[in-house]
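# Breakdown of the fold
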Amino acid sequence: MEATATARGRAWSGLAWKIFLAALSMAAAASASAQQAPASAADTWQFTVTPYLWGAGQSGSARIGNVIPAQNVDATFSDILSNLDFGAMATFEARKDRWGILADAFYIKLSHTSDPLLGGDLGTAQFQGTNTLVEVAGAYRAWENNTAFFDVLLGVRYFNLSATIQLYPSKLLPKGRYESNSVDWTDGFVGIRSKWMFAERWSVLGYADVGTGGSEYSYQLIAGLGWNISKTFEVDLGYRLLQEDYSKTDFLYDMRTAGPYLGLSISW
């Protein structure tokens, strides 16, 4: 099953790259066939907020402490959803002329209660964990015309994981046991983003970034399709992949989080 999940993840990663490169190619074609639009004369800020749902699964390896070996992780979105207590996700963009500020954040809280351990002698265990991601980047519009644009990005990505486990009183542990731990790190990253409106209401988006710092490395790929309902609302559908490789003596998190997303962009 792990091999199948890994192959599926690689296939989706390859597809995301292909869509992203296609978006860049189409933007370049549009540049060659159309005159570049003059720089925007608008002196007011434009804003977009996009709440979204990311139907992601996870695959990779994780280890807490330096005694227990790393454990393989292969969790589908349905596995995560069945243990989800709370989740919130949204992006925000502010832009004026060629300059912009991008922000993305998500937070999820999971919990799971085990079946009786060791035939009931160790009672049951309850696990709770949270996963927080916050990204902020500055964007410069390097090129644009009436139907396409190309941005370069420079930003930081903050990641936080926390976990608690509680063993309830049992025959082997009359007083029970409670353990809690958390870890966080920050990566700097550089990225590119391109969007091309290929029809009156339809557009394609490609995004890629790569970073390092607190982690060994991280990278992200996004390929999406947008349906412009009006000047205010747009429906966004696509696929997103985030790879994080954080490795320390007492903690390992080498994880790929990937899956489709659906969002509603609101601009003003």
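Report follows, based on the coordinates. (Residues numbered from 1 in each chain as written. Predicted model: local features only at pLDDT ≥ 70, side-chain atom pairs only at ≥ 80, totals over all residues. Heavy atoms only, no water.)

## Describing the pairing of strand β11 (residues 233–248)
Examined bridge by bridge, strand β10 (residues 217–228) and β11 share 12 bridges and lie antiparallel to one another. Among the inter-strand pairings, Y219 is bridged to a residue of β11, identified as Q243. Taking the residues between adjacent antiparallel strands as the criterion, β10 and β11 are bridged by four residues. One ladder, built from 16 bridges, connects β11 with strand β12 (residues 251–267); its direction is antiparallel. (Pairing = 2+ DSSP bridges. Helix = DSSP H or I, 4+ residues; strand = E, 2+ residues; numbered from the N terminus.)

## Topic: the nonpolar core
The biggest cluster of nonpolar side chains holds 24 residues, and the ones touching the most others in it are W54, F159, L161, W185 and Y253. For this core, the elements supplying multiple residues, two or more each, are β1 (46–54), β5 (99–113), β6 (125–144), β7 (148–167), β8 (177–197), β11 and β12. Ranked by residues supplied to this core, first place goes to β12 with four residues. (Core = buried A, V, L, I, M, F, W, Y, C linked by side-chain atoms within 4.5 Å. Buried < 20%, exposed > 50% of the residue type's maximum accessible area, 1.4 Å probe, protein only.)

## A short note on the pattern of salt bridges
Scanning the model with the defined rule gives 11 salt bridges in all. Residue R240 pairs with D104 through a salt bridge whose shortest N-O separation is 2.7 Å. With R240 in strand β11 and D104 in strand β5, this pair connects stretches of sequence that are 136 residues apart. Assigned by exposure class, R240 and D104 land together as buried. Salt bridges linked by common partners bring E93, R95, R141, E144, D151 and R193 together as one network. (Salt bridge = Lys/Arg side-chain N within 4 Å of Asp/Glu carboxyl O.)

## Let's talk about the environment of W202
Within the element layout of this structure, W202 appears in strand β9 (residues 202–213). Residue classification places W202 among the partly exposed positions, given a relative accessible area of 36%. Residues W202 and N228, 26 residues apart in the sequence, show an inter-C-alpha distance of 6.2 Å. Setting aside residues up to four positions removed in sequence, W202 forms contacts with W196, M197, L225, G226 and W227. (Contact = heavy atoms within 4.5 Å.)

## Concerning the side chain of N228
For N228, the position within the fold is in strand β10. At 3.3 Å, the side chain of N228 forms a polar contact with the backbone nitrogen of S230. (Polar contact = N/O pair within 3.5 Å; in protein donor to acceptor, adjacent residues only side chain to side chain.)

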